[in-house]
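# Structure at a glance
One letter stands for each residue in the lines below.
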Amino acid sequence: MFYITTIATMLLTSNMIFAQNDIIGDNSDTEKPKIMEDDYSPFSFSAHLKNMHTWHGFVVHPGAMIASSLEYNSKNKKFTFGFWGGASFSTVDVNHIETGENESAYYKEVSIYTKYRFSDKFFIEAVSHNNYTGVEERGDKLEYWSFDKTQGYNFVDLNFGYNITPNTLLYFATIIGGGSGDYEIQDNGDLKNSWTHYFEVNSKVWKNKDASLSLFAGGAWSFITDKTFYTEGAGNIINVGATYNKQFELLKHTIPVDMTLMWNPEQEKTVIQLDITLF
């Protein structure tokens, strides 16, 4: 009896709707009902064109390159997982381990990263850096998933970020387990991991409608060894500079451009990096 009553109610309701449409008229050709769409998109990608690639006071590649990323973001925007890759338009010389001669190699990197945002102020992230530039050209075997500390191109760091103000970020990174040459050779030949730490302060000091200026300073050290991944000694200031960001309008699209002036006091190196966000 319940099912018969339910079906009868549905039929009656349908007839009432159709009758109402007959009175009002069929607007299907002129006006369609609005469908609620979810703006959430879990996947995104980006591309940057750069005149060089720098990182934590290092010039990773001195020539023009393109960098791209593909990432997943949770709906609450707290969790991110992605891949970052770089490829150069120019080569660098690498020394072949058997012949001793220089070979030309293009910059190549595919790194994996993940981040979790506990709040608007605090986040934690982990990055597996995989820069395999010149590995095969110098006579080594390319093993992407190898993290042997002596092979020289894979390492993992664990990082923390905290915004003490909306415009000032404190960033702390630690290279885990001394990968990619981050070790010290002992008298008996053993390799002692340095567990390099890197700390940076980055602060936006000026901003207007479509431009901003940020200042930054970073240093590296190790509590364990007399050298670090970044420095020749136990610690030093290695990354000082400023980044000017400008938003350009091109064919109804906004193109962010960063110009970074970087100085590494230990290496006595100063460079200017241009970073154009293509999309």
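Residues numbered from 1 in each chain as written. Predicted model: local features only at pLDDT ≥ 70, side-chain atom pairs only at ≥ 80, totals over all residues. Heavy atoms only, no water.

For the rest of this paragraph, the subject is the overall build of the protein. Scanning the protein for helices and strands turns up one helix and 16 strands. A buried classification covers 33% of the 279 residues belonging to the protein. When contacts within the protein are restricted to residue pairs at least 6 apart in sequence, long-range pairs at least 24 apart make up 49% of them. Here the protein has roughly 17,600 Å² of accessible surface; of this, 60% comes from carbon and sulfur atoms. (Helix = DSSP H or I, 4+ residues; strand = E, 2+ residues; numbered from the N terminus. Buried < 20%, exposed > 50% of the residue type's maximum accessible area, 1.4 Å probe, protein only. Contact = heavy atoms within 4.5 Å. Areas by Shrake-Rupley, 256 points an atom, 1.4 Å probe, with all protein chains shown as cover.)

What follows is about the side chain of Asn154. In this fold, Asn154 is placed in strand E8 (residues 154–165). Among the polar contacts made by the side chain of Asn154, one reaches the side chain of Asn130 at a distance of 3.2 Å. Among the polar contacts listed, one links the side chain of Asn154 to the backbone oxygen of Ser146, at a separation of 2.5 Å. Apart from the residues within four sequence positions on either side, Asn154 is in contact with His129, Asn130, Asn131, Glu143, Tyr144, Trp145, Ser146, Phe147, Gly179 and Ser180. (Polar contact = N/O pair within 3.5 Å; in protein donor to acceptor, adjacent residues only side chain to side chain.)

Because side chains alternate across strand E4 (residues 65–73), one face comprises the buried residues Met65, Ala67, Ser69, Glu71 and Asn73, and the other comprises Ile66, Ser68, Leu70 and Tyr72, none of which is buried. Bridge count for strand E1 (residues 43–50) against E4 is eight bridges, and the pairing is antiparallel. Residue pairing for E4: His48 is matched across the bridge by Ala67. Here nine bridges tie E4 to strand E5 (residues 79–95), and the two strands are oriented antiparallel to one another. (Pairing = 2+ DSSP bridges.)

Let us look at the sheet that holds strand E12 (residues 197–207). Read around the closed barrel, 12 strands run E1-E4-E5-E6-E7-E8-E9-E12-E13-E14-E15-E16, paired in antiparallel fashion. Direction aside, the axes of adjacent strands within the sheet are offset by 20 degrees on average. Two elements, strand E13 (residues 211–221) and strand E14 (residues 235–250), share 11 bridges in a ladder whose sense is antiparallel. Each residue of the ladder has a partner; that of Ala217, found in E14, is Val240. (Axes fitted to C-alpha atoms, helices over the stretch in contact; angles between N-to-C directions.)

What follows covers the nonpolar core. The biggest cluster of nonpolar side chains holds 10 residues, and these are Phe123, Phe155, Tyr171, Ala173, Ile175, Tyr198, Ala220, Phe229, Tyr230 and Ile238. For this core, the element with the most residues is strand E9 (residues 168–176), which contributes three residues. Sequence-distant contacts of Phe229, defined by excluding residues within four places in its chain, comprise Trp55, Phe58, Phe155, Ile175, Gly179, Ser180, Asp182, Ser194 and Thr196. (Core = buried A, V, L, I, M, F, W, Y, C linked by side-chain atoms within 4.5 Å.)

This next bit is on a nonpolar patch on the surface. Judged by side-chain polarity, Phe45, Leu49, Ile66, Leu70, Phe89, Leu278 and Phe279 come together as a nonpolar surface patch covering roughly 690 Å² of accessible area. Contributions of two or more residues to the nonpolar patch are made by E1 and E4. Along the chain, Phe45 falls in strand E1. Relative accessible area serves as the criterion here: at 58%, Phe45 is assigned to the exposed category. (Patch = residues over 30% accessible without salt bridge, like charges linked within 9 Å, V, L, I, M, F, W, Y side chains within 5 Å. Salt bridge = Lys/Arg side-chain N within 4 Å of Asp/Glu carboxyl O.)

Moving on: the packing of aromatic side chains. Using the criterion set out here, one finds 19 aromatic pairs in the structure. Here Phe45 and Phe279 contribute two aromatic rings whose centre-to-centre distance is 5.4 Å and whose plane-to-plane angle is 75 degrees, an arrangement assigned as edge-to-face. In this pair, Phe45 is assigned in strand E1 and Phe279 in the segment after strand E16 (269–277), connecting sequence segments 234 residues apart. Through successive ring pairs, a cluster of aromatic residues spans Trp55, Phe58, Phe155, Tyr198, Phe229 and Tyr230. Stacked on the ring of Phe123, the Lys or Arg Lys115 has its end atom at 4.5 Å from the ring centre. (Phe/Tyr/Trp six-rings, centres within 6.5 Å; stacked < 30°, edge-to-face > 60°. Lys NZ or Arg CZ within 6 Å of the ring centre and 35° of its normal.)

On average, the protein scores 88 in pLDDT, and the residues at 70 or more come to 86%. Here residues 1–28 scores under 50 on pLDDT; set against residues more than four positions off or in separate chains, the count is one contact. (pLDDT = per-residue confidence, 0-100.)

With nine bridges joining them, strand E7 (residues 122–130) and E8 adopt antiparallel strand pairing. Within E8, the residue paired with Val127 across the bridge is Asp157. Bridge count for E8 against E9 is nine bridges, and the pairing is antiparallel. By the bridge assignment for E9, Asn163 is matched with Leu169. From the end of E8 to the start of E9, which pair antiparallel, there are two residues.

Quick look at the pattern of salt bridges now. Tallying each qualifying case throughout the model produces three salt bridges. Two residues, Asp140 and Arg138, come together in a salt bridge whose shortest N-O distance is 2.6 Å. We classify Asp140 as partly exposed; its relative accessible area is 28%. Assessed through its relative accessible area of 18%, Arg138 is described here as buried. The salt bridge involving Asp210 is made with Lys246; its shortest N-O contact spans 3.4 Å. Placement of Asp210 in the loop between E12 and E13 and of Lys246 in strand E14 is noted, with a sequence separation of 36 residues between them. The partly exposed category is assigned to Asp210, whose relative accessible area is 28%.

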